[in-house]
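# Residue-level structural notes
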Amino acid sequence: MESVETDQSKFHAKRAVLERPDYTVHEITGDDGTLIREYVTPAGKVFGVSWTGPTIPDLTQLLGTYNAEFQSSVRSKRVRRSAVAVHNADLVVESSGHMRAFHGRAYLNSMLPNGVTEDVVQ
Amino acid sequence: MSGRFIGLGGWHDSAVAGVTAVLLLTLAACSGGSSSTGTSGSTGVTTTTPTPVNNVQPVIMDYGPLVNGQYVGFNNVLYTTVTICVPGTTTCQSIDHVLVDTGSTGLRIPASLVTLNLPFMTDASNNPIGNCVQYADTTYQWGPIVKVDVQMAGEVASSVPIQIAGPTNFAAVPASCSAGGTPAQTVTDLGANGLLGVGLFRQDCGSACAVGTPRAVYFTCPASGCVATSVSLTAQLQNPVWLFPQDNNGLSIILPQVGATGAVSLSGSMIFGIGTQTDNALGGAQAQAADDVGTFTTTFNGIAYPGSFIDSGSDGYFFLNSTITGLPNCASNSDADGFYCPTSPVSFTAINTGPNPKGSGVAVSTNVAFSIANALPLIDSTSVVFNNIGGPNPGSFDWGLPFFLGRTVFIGIEGQSSSAGTGPYWAY
């Protein structure tokens, strides 16, 4: 966590931590209006992320190597520019919106904590 | 550089490393606030009455542009022909099958199609400016900005900044623009010879890109690489309609209805101006304001979904999810992946609500009825125009091209006034 706080200070980001019974939500707010939420298990594993804001965040940063799976799944579909949802066995990514207003979320079915459903990732 | 998320290897890696929240924004300055609407009023008070010009621009839906003898169009795409000219000259080219997109702002043409010799716009340091547009499916278009005169019907917008998408002689796309997504800027990628963004706004980004923390929309591009930057409103991509000398307060799109099995083609009109000539009166249309990002609230089964929008560039009704709608998703390995595939058509009604654009404070609500059929046989048919295909869009409604069929839809541009009030507003 120290590195998070260091980076938070370095980049002047605002971060809030919301404790829930079975998980923790880390909210990171940018002054361009972007809001990122990370959903973290008690063991410190991130099982979901969501985003809302004027542009799409860098998914290579946000999803790591899972972005390659997401992009591969998306590119197997036709380019349509509108909302897209990938529901693979483990990885789920939903992205929607338009110029000035995007939102999306991603989660791993295998990493949802016991008793927690995907609905919490918003 | 701001507007990027900096992580420590992504969410899965952070789990391995035992580090939790690893995503941070680079934030260089205080907020510039939200996009302004209407602060500068309408485009100018004139003391002379301009001579009316032809304000009716034909629009079509068909199999799209030809590439190497193959039609490359998609389903439910609305096209028009745009003429662009070297500013102030008669050196022009006409580009057919440009997608008419009410979900974006500005004209974007694939570099391969541009035959005019047009210098790239530069900033005060003489560095070229790059423009980025992202789409919900994480595709993007990236390229320099040039100025052209834009001609449609009898209307001319002079010296309009437009994007040249994907030229080879321009800087590489910045990571905050591509954002891990995929370029979609060739004719085949787009199913169109460009995009004409004639949405609710004057500029693609507006005041949020003119002051404050730069967004990943405009970039200054010295040889060392592109960096996000603020640019003035006049240097941004523009909705050409508001730059017309007349008929510039908005537009309407008029399309006929189609039957349950769709149509192979369709013809309609895009009429410039609202209540400015005898052919563009509002009539009984109900006007509803949108917010400063172009969204409003749609209520479905008693639940309000803010963040909903109308977008001629979406190829169906995209709304909520399978659980809420009761509509099964089409098989992910089918041609209809991303759509709903009910065994028989299902009818719905939703309510769109927005403030009165006259500013009276009384919200205006309109019932919208629509039907969703099994998308698979329709998409596999020879038809390309459908009023009854849709798919999931978790959390909101994207009223796509089917919404425009059988309707006259007015688009009131931000800060521009008509008898309906001041934009941004929709009326139908």
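Since the structure is predicted, the reported quantities are computational estimates derived from the model, not experimental observations. (Residues numbered from 1 in each chain as written. Chains lettered and ligands numbered in written order. Predicted model: local features only at pLDDT ≥ 70, side-chain atom pairs only at ≥ 80, totals over all residues. Heavy atoms only, no water.)

### Let's talk about the nonpolar core
Filter applied, for reference: Residues belong to one nonpolar core when they are buried, are Ala, Val, Leu, Ile, Met, Phe, Trp, Tyr or Cys, and are joined through side-chain atoms within 4.5 Å. Note on exposure labels: buried denotes an accessible area under 20% of the residue type's maximum, exposed denotes more than 50%, and partly exposed covers the range between, all computed with a 1.4 Å probe on protein chains only. In what follows, residue pairs with any heavy atoms lying within 4.5 Å of each other are defined as contacts.
Membership of the largest hydrophobic core comes to 64 residues, with the highest contact counts inside it found for B:L255, B:M270, B:F319, B:W399 and B:W426. Residue contacts for B:M270: discarding those within four places in its chain leaves B:N55, B:V56, B:Q57, B:V59, B:T80, B:V100, B:M152, B:L196, B:V198, B:L251, B:S252 and B:I253.

### Concerning the sheet that holds strand β6 (residues 91-98) of chain A
Residues and elements named next belong to chain A. Where we set the bar: Pairing between strands is defined by DSSP: at least two bridges between the two strands are required. Helix and strand definitions follow DSSP, with helices as H or I runs of at least four residues and strands as E runs of at least two, each counted in order from the N terminus. Only the stretch in contact is used when a helix axis is fitted, and all axes are lines through C-alpha atoms; the angle between N-to-C directions ranges over 0 to 180 degrees.
Pairing in this open sheet of seven strands is antiparallel, and the strands run β1-β2-β3-β4-β7-β6-β5 from one edge to the other. Two strands close off the open sheet at either side, each with one partner strand: β1 (14-19) and β5 (84-87). In this sheet, adjacent strand axes meet at a mean angle of 10° when their direction is disregarded. As paired elements, β5 and β6 share four bridges and run antiparallel to each other. Counterpart to V86 in the pairing with β6 is V93. Lying over the sheet, helix α3 (residues 66-75) contacts β5, β6 and β7 (101-108), oriented at roughly 115° with respect to β5.

### Details of the environment of B:T122
All names here are of chain B. Short version of the rule: Here a polar contact is recorded for every N or O atom pair within 3.5 Å, except that within protein the pair must consist of a potential hydrogen donor and a potential acceptor, and residues adjacent in sequence are included only if both atoms are side-chain atoms.
Mapped onto the elements, T122 comes out in the loop between β8 (105-110) and β9 (129-134). Sequence spacing of T122 and C132 is 10 residues, and the spatial spacing of their C-alpha atoms is 15 Å. Ignoring any residue separated from it by four or fewer positions in sequence, one finds T122 in contact with N127, P128 and I129. A polar contact is formed between the side chain of T122 and the side chain of N126, at a distance of 3.5 Å.

### A look at the confidence of the model for chain A
Applied cut-off: The predictor reports its confidence for every residue as pLDDT, a score running from 0 up to 100.
The pLDDT averaged across chain A works out to 86; a share of 89% of its residues lies at or above 70. This model gives residues 1-12 of chain A a pLDDT under 50, and the stretch forms 22 contacts once residues within four places in sequence are excluded.

### So, the pattern of salt bridges
Using the following cut-off: Take a side-chain nitrogen of Lys or Arg and a carboxyl oxygen of Asp or Glu: if they are within 4 Å of each other, that pair is a salt bridge.
This structure, assessed with the given rule, holds five salt bridges over all chains. Between B:D315 and A:R80 there is a salt bridge, with its nearest N and O atoms 3.0 Å apart. Here the residue B:D315 occupies a position in the loop between β20 (303-310) and β21 (317-320), and A:R80 occupies one in the loop between α3 and β5, the pair thus bridging two chains. The exposure classification of B:D315 matches that of A:R80, with both residues buried. In this structure, A:E94 engages A:R105 in a salt bridge whose closest nitrogen and oxygen atoms are separated by 2.8 Å.

### Topic: the side chain of B:S383
Residue and element names in this part refer to chain B. Mapped onto the elements of the fold, S383 is located in the loop between α5 (375-379) and β24 (390-391). Under the relative-accessibility criterion, S383 is labelled buried at 8%. A distance of 3.1 Å separates a polar side-chain atom of S383 from the backbone oxygen of T261. Setting aside its immediate chain neighbours within four residues, S383 contacts N75, T261, G262, A263, V264 and L378.

### Digging into the sheet that holds strand β19 (residues 296-300) of chain B
All names here are of chain B. Across the sheet, seven strands lie side by side as β23-β22-β19-β20-β25-β21-β24; this open sheet has mixed pairing. Both edges of this open sheet fall to β23 (364-372) and β24, since each of them pairs with a single strand only. The pairing of β19 with β20 spans four bridges and is classified as antiparallel. Considered in β20, the bridge of F300 is made with I303.

### Describing the side chain of B:E414
Threshold: In this count, Lys and Arg are taken as positive residues and Asp and Glu as negative ones, while His and the chain termini are left out.
Tracing the sequence through the fold places B:E414 in the loop between β26 (407-412) and β27 (417-418). Here B:E414 occupies a buried position and makes no salt bridge, while the nearest side chain of opposite charge, A:R100, is found at 4.3 Å. Reaching out from B:E414, the side chain makes a polar contact with the backbone nitrogen of B:R202 at a distance of 2.8 Å.

### Points about α3(A)
Using the following cut-off: Summarising the geometry, the arc corresponds to the directions from the helix axis toward the C-beta atoms.
Buried residues of α3(A): A:N67, A:F70, A:Q71, A:S73 and A:V74, and no others. Angular distribution of buried residues about the axis of α3(A) spans 165°; they occupy a single face of the element. If you follow the buried residues of α3(A), they end up packed against α2 (59-62), β5 and β6 of chain A together with β12 (182-183) of chain B.

### What to know about the packing of aromatic side chains
Residue and element names in this part refer to chain B. Rules: Here a pair means two rings of Phe, Tyr or Trp (six-membered ring of Trp) with centres within 6.5 Å. Their orientation is stacked below 30 degrees between planes, edge-to-face above 60, and tilted elsewhere.
Tallied over the full model, the rule gives 26 aromatic pairs over all chains. Pairing F319 with F370 gives two aromatic rings, centres 5.2 Å apart and planes at 85°, and the pair type is edge-to-face. Residue F319 is located in strand β21, and its partner F370 is located in strand β23; the two are separated by 51 residues in the primary sequence. Each member of the pair, F319 as well as F370, carries the same accessibility label: buried.

### Some remarks on the pairing of β20(B)
Residues and elements named next belong to chain B. Once β19 ends, the chain turns through two residues before running back antiparallel as β20, passing N301 with a positive phi of about 50°. In this structure, β20 lies alongside strand β25 (residues 393-399), joined through two bridges in parallel fashion. Note that in β25 the partner of I310 across the bridge is W399.

### Regarding the state of the cysteines
All names here are of chain B. Rule in force here: Criterion for a disulfide: a pair of cysteine sulfur atoms within 2.5 Å.
Applying the stated criterion across every chain, the model contains five disulfides over all chains. The disulfide partner of C330 is C341, and the gap between their sulfur atoms is 2.0 Å. Its S-S torsion of approximately 95° makes the covalent link between C330 and C341 right-handed. Of the two residues, C330 is situated in the loop between α4 (322-325) and β22 (346-354) and C341 in the loop between α4 and β22; the sequence distance between them amounts to 11 residues. Numbered by order of appearance in the sequence, the disulfide-linked cysteines of chain B pair as 1-2, 3-4, 5-6, 7-8, 9-10.

### Here we look at the pairing of strand β3 (residues 56-61) of chain B
Residues and elements named next belong to chain B. Because side chains alternate across β3, one face comprises the buried residues Q57, V59 and M61, and the other comprises V56, P58 and I60, none of which is buried. Pairing analysis gives six bridges linking β3 to strand β17 (residues 266-272), with the strands arranged antiparallel. Note that in β17 the partner of I60 across the bridge is S267.

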